[in-house]
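Read off the chains here:
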Amino acid sequence: MKIKIFALTLFLVLSNCIIAQQPIISGKIIDKGDSKPIEYANITLMASDSSLIKGVNSDVDGKFTFINIEQGDYLISVTFIGYESTLIPIRKDKDDLDIGDIYLDPSSIALQDVTVTGHSIINKLDRKLIMPTDAQIKASANGIELLQKMQLPRLTYDFINNKVALAGNGELQLRINGVEVTNSEIVALRPEDIIRIEYHDQPGARYGNAEAVLDYIVRRRESGGNINGNGMNVIAKSVFSDNFLSAKFNHRKSEFSTNIYASNRNFDWTRKNDETFRFSDKELERVEDGLPTKFKQNVINTTINYSLLDKDNYYFNARFRYNFNEEPNAYTDRKSTLVTSDNPIPLNIYDHQSLKNNIPALDLYFQKNLKNNQLLIFNVVGTYITSSSSRLYQEHRENIPVTDILSKISGDRYSLITEGIYEKNFDKSKLTGGLKYSQSYTHNIYSGNTTANVGMNTSEIYSYAEYLWKRGKFSYTANIGVMRTYYRQGDEQQDKYTFRPSFSTAYNINDFTFVRARAYIWGGNPSLGDLNNVEQAVDSLQIRRGNPNLKSYLDYGANLTFGYNKGILGVDLNAGYKYLRKPVMESIFLENGKFIKMPENQKSYQRLNVESTFKIRPLKDHLTIGITPGINYYRSYGNNYKHNYTNPYMRINIDVMYKNWIMNFWATTANNWFYGESMYQGEALHMASVGYNKPSYSVMVGAMNPLGTDYKTRNESWSNLYSSKSQLTGYDLTPLLFVKFSFNINFGRQFNGNGRRINNADTDAGIMSGAKK
């Protein structure tokens, strides 16, 4: 036994001596953005004629070594997804050569020939870089489906409508190569063109009031083009469809593209309302039993786009958008029988509203790269909104008219948004400054039972500076912003300045674990609809009234995020707290026998949201199970009321992927929202689907609520003067069988390029409606 131990020891010593005597080439791969070592980078050693000699991967410290390399001239290639590739010529004229640190630049350009076979997440100073795996790309037909397969935390999905939202009802920004875009533009993305998704879970000053930002980093072509389409249609008597078609053509530095999105809804649902009106001397109860009522909506969004790119020099983009929305039968429509406590003879209710708006917009964008890692961005957006709506509300008792309310509104809105941004990157820090100015003019004409001619002039200036830096394993971001808001309606005008600072820090414990924290102060403004100096009758007892005296309010918030992702296990913990001082919330008061609903600046509003996402990948990409328990806590303090509300919820997402086959099961309990004195119930749904994906086409069949649960949503009012419970049920929506399909046609050569960084848009028509919400 002693002889064997001695022989083994001698072998190891001699082996180390032999290796030590072999000539080597060594070095270290470093991220130029944050100076952290890059693990798993691909390092290839080639002869001077580019013939392959050998390849290795960098270790956890970013280090690599080539052993037994003779003297001579060589080429070293370094590549890693999400970074610019580097090619270094070297001359080895001694036994050992230490190249030293090799810095890789983070880039919106990725290597087309690299395939990710494992879940890859890189924690940066201010965001997470998530690379989709090859299996996830193959199992997805568009950008939203790919996002769902990646199962990122805090996100909720509407699989039928191909939409994504943020849990807790916060603002989620969607971007492509840094540009804010619509949901339909994400649907148009081909999964194979998506290099990575940059997840800003604590966005900086540039992103305004967004609580999270998803930035798709995609490739750009140099020649040829692409035509692709997506479609979803239900197999039922109800009409429920979403269809998208896009085309793109590239020629050298230019890109021409257009897309059209069409959505159609046509089905029946019923409403039930229980209401209690508390007068000074009595209570009145009304129980409403709804009949099947039609909801019909048509949406068409089109975009025509031209861009000119001179890589590493400038980028110009001109985009024309036209959005059309028509609701011949609005969401609030109802036909019902109403029984009141003061009369045994029921009322027959008819409530019909139609809406239409047209929004053309021209968006001009210019980005210039300067020397010494500097960048300038300019954006100008002009928008014209024309809108119209009409509402007829009638109450009959034994065919005798009791209440007849007619309201018609037509409006025009002109707006101009301009923005400029400057960026300067240093070795371990980044400086950003920006200035944004918006100006709008709104003119609304009210006719019917209420007549009014309302003109509003609003403007907003926001300037900010942000500095991001790194010290050891910690990174910090500090920014300060100032916003001036101006509003005028008739003789009423307001002019207010808001201070908007924020500070965040991140600590990367190791390559698999991170912690981020953030605190901020924002400002909020009343909506144009709330500022209207008009009132609209809701029914025979209720009136909705605008308030031109509303003031801006302050928004204090804090976020804490923890993440761990290694091997088959991923854990994400997110906690967010929000405190609104003097927020705009609804008040209800009794005036001349009518219940007036009017927005007012109330005392305070608080929201606490905590959720954890646990992901398990027991069979690598073939099986992913995600479970997300969460809880919402709301505290609403009005001038005359106090309410507390707690809502636990749960989401489950299971993906099975094998070759080109995919199966999915998704379920969620109701994620409810409380604001002012109203509770809005989220959707409680489950869905199952199975599909087959190929690069040129995909087909999927599935069902929403296949176990037979009716589609229901519920709203409640907790006011002491007026309390209500309203439930909407869609019997034709359960189970809802659907078919989804996509096709993709490519032609021409391809290359990678950059994209624009920002985008601005205006869609607020400034109209106040009298329809019951």
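Residue indices follow the written sequence of each chain, beginning from 1 at its first position. Given that this is a predicted model, residues contribute local features only at a pLDDT of at least 70 and side-chain atom pairs are listed and counted only at 80 or more, while totals for whole chains, interfaces and linings are drawn from all residues. With hydrogens and water stripped out, all remaining heavy atoms of the structure feed into the side-chain values.

1. Things to note about the overall build of the chain
What counts, and what does not: Strands are runs of DSSP state E lasting at least two residues, helices are runs of H or I lasting at least four, and both sets are numbered from the N terminus onward. Here the globule rule is a power law, 2.2 Å times the number of residues to the power 0.38, and the radius of gyration is based on C-alpha atoms. Exposure classes here rest on a 1.4 Å probe applied to the protein chains alone. A residue is buried below 20% of its type maximum, exposed above 50%, and partly exposed in between. Working rule for contacts: check all heavy atoms of both residues, and any pair within 4.5 Å makes them a contact. Under the counting rule used here, the positive set is Lys and Arg, the negative set is Asp and Glu, and His together with the chain ends is not counted. Charge positions are represented by NZ for Lys, CZ for Arg, CG for Asp and CD for Glu.
For the chain, the helix and strand inventory stands at 5 helices and 47 strands. Whereas a compact globule of 773 residues would reach a radius of gyration of roughly 28 Å, the chain reaches 30 Å, a difference of no more than 12%. Summarising its shape, the C-alpha atoms of the chain cover approximately 105 × 55 × 55 Å along the three principal directions. By the burial criterion, 53% of the 773 residues in the chain qualify as buried. In the chain, 64% of the contacts between residues at least 6 apart in sequence involve partners at least 24 apart. Here the chain contributes 89 positively and 79 negatively charged side chains, and the mean placements of these two sets differ by 3 Å.

2. So, the sheet that holds strand β7 (residues 97-104)
Definition in use: The criterion for strand pairing is that DSSP finds at least two bridges linking the strands in question. Axis definition: a line fitted to C-alpha atoms, over the contacting stretch in the case of helices. Angles run 0 to 180 degrees between N-to-C directions.
One open sheet accounts for 3 strands, arranged β4-β1-β7; its pairing is mixed. Each edge of the sheet is formed by a strand with only one pairing partner; in this case those strands are β4 (63-67) and β7. Taking the axes of each pair of neighbouring strands and ignoring which way they run, one obtains an average angle of 20 degrees across the sheet. Bridge count between strand β1 (residues 24-31) and β4: 5 bridges; the pairing is antiparallel. Of the residues in β4, the one forming a bridge with lysine 28 is lysine 63.

3. Quick notes on a nonpolar patch on the surface
The test is simple: Patch rule: a residue counts if its relative accessible area is over 30% and it has no salt bridge; like charges are joined within 9 Å, and nonpolar side chains (Val, Leu, Ile, Met, Phe, Trp, Tyr) within 5 Å. Values of accessible area rely on a 1.4 Å probe in the Shrake-Rupley scheme; residue burial ignores everything except the protein chains shown. Just to be clear on terms, a salt bridge is a Lys or Arg side-chain nitrogen sitting within 4 Å of an Asp or Glu carboxyl oxygen.
Where nonpolar side chains cluster on the molecular surface, the patch consists of Ile227, Leu245, Phe249, Phe256, Ile260, Ile300, Tyr697, Val699, Phe741, Phe743, Ile745 and Phe747 and spans about 1,000 Å² of accessible area. Counting residues per element, the nonpolar patch draws most heavily on strand β47 (residues 736-747), at 4 residues. For isoleucine 260, the location among the structural elements is in strand β18 (residues 254-278).

4. Description of the sheet that holds strand β3 (residues 52-57)
In space, the 4 strands of this open sheet follow the order β3-β2-β5-β6, with antiparallel pairing throughout. Both edges of this open sheet fall to β3 and β6 (86-92), since each of them pairs with a single strand only. For this sheet, the mean inter-axis angle between neighbouring strands, taken without regard to orientation, is 20 degrees. Where strand β2 (residues 42-47) meets β3, 5 bridges bridge the pair, whose relative direction is antiparallel. Within β3, the position partnered with methionine 46 by the bridge is leucine 52.

5. Some details on unusual backbone geometry
For glutamate 398, which is not glycine, the phi torsion reads 55 degrees and is therefore positive. The residue glutamate 398 is located in the loop between β24 (374-397) and β25 (400-425) in this model. Look at glutamate 398 and you get exposed, because its relative accessible area is 56%.

6. Some points on the environment of leucine 189
Among the structural elements, leucine 189 can be located in the loop between α4 (183-187) and β14 (194-200). Of the residues examined, leucine 189 reaches a relative accessible area of 13% and is grouped as buried. Sequence separation of leucine 189 and lysine 582 is 393 residues, and the distance between their C-alpha atoms is 41 Å. Every residue in contact with leucine 189, bar those within four places of it in the chain, is listed here: Ala141, Asn142, Gly143, Ile176, Ile194, Tyr216 and Val218.

7. Brief notes about the pattern of salt bridges
Evaluated as defined, the whole model comprises 22 salt bridges. Of the charged contacts, one joins glutamate 211 and arginine 607 as a salt bridge, the two residues approaching to 3.2 Å between their closest N and O atoms. Residue glutamate 211 is located in the loop between β14 and β15 (212-218), and its partner arginine 607 is located in strand β37 (residues 604-616); the two are separated by 396 residues in the primary sequence. Residues glutamate 275 and arginine 286 are paired through a salt bridge, measuring 3.5 Å at the closest nitrogen-oxygen approach. Remark: arginine 286 occurs in strand β19 (residues 283-291) and glutamate 275 occurs in strand β18; sequence separation between them is 11 residues. The buried category is assigned to glutamate 275, whose relative accessible area is 3%.

8. Observations regarding the packing of aromatic side chains
Put simply, the rule reads: Each Phe, Tyr or Trp ring, with Trp reduced to its six-membered ring, pairs with another whose centre is within 6.5 Å; inter-plane angles below 30 degrees give stacked pairs, above 60 give edge-to-face pairs, and intermediate values give tilted ones. Only when the NZ of Lys or the CZ of Arg is both within 6 Å of the ring centre and within 35 degrees of the ring normal is a charge said to sit over the ring.
Applying the stated criterion across every chain, the model contains 32 aromatic pairs. Considering the side-chain rings of phenylalanine 279 and phenylalanine 595, the 5.1 Å spacing of their centres and the 75 degrees angle between planes classify their relative orientation as edge-to-face. Of this pair, phenylalanine 279 sits in the loop between β18 and β19 while phenylalanine 595 sits in strand β36 (residues 594-601), and the two are 316 residues apart along the sequence. What makes phenylalanine 279 buried here is its relative accessible area of 17%. The rings of Tyr605, Tyr634, Tyr645, Trp673, Phe674, Tyr675 and Trp718 are connected pair by pair, giving a single aromatic cluster. Between the NZ or CZ atom of arginine 271 and the centre of the ring of tyrosine 331, over which it lies, the distance is 4.9 Å. Directly above the ring of phenylalanine 514 sits arginine 516, whose terminal nitrogen or CZ lies 4.5 Å from the centroid.

Geometric values such as these leave the question of function open.
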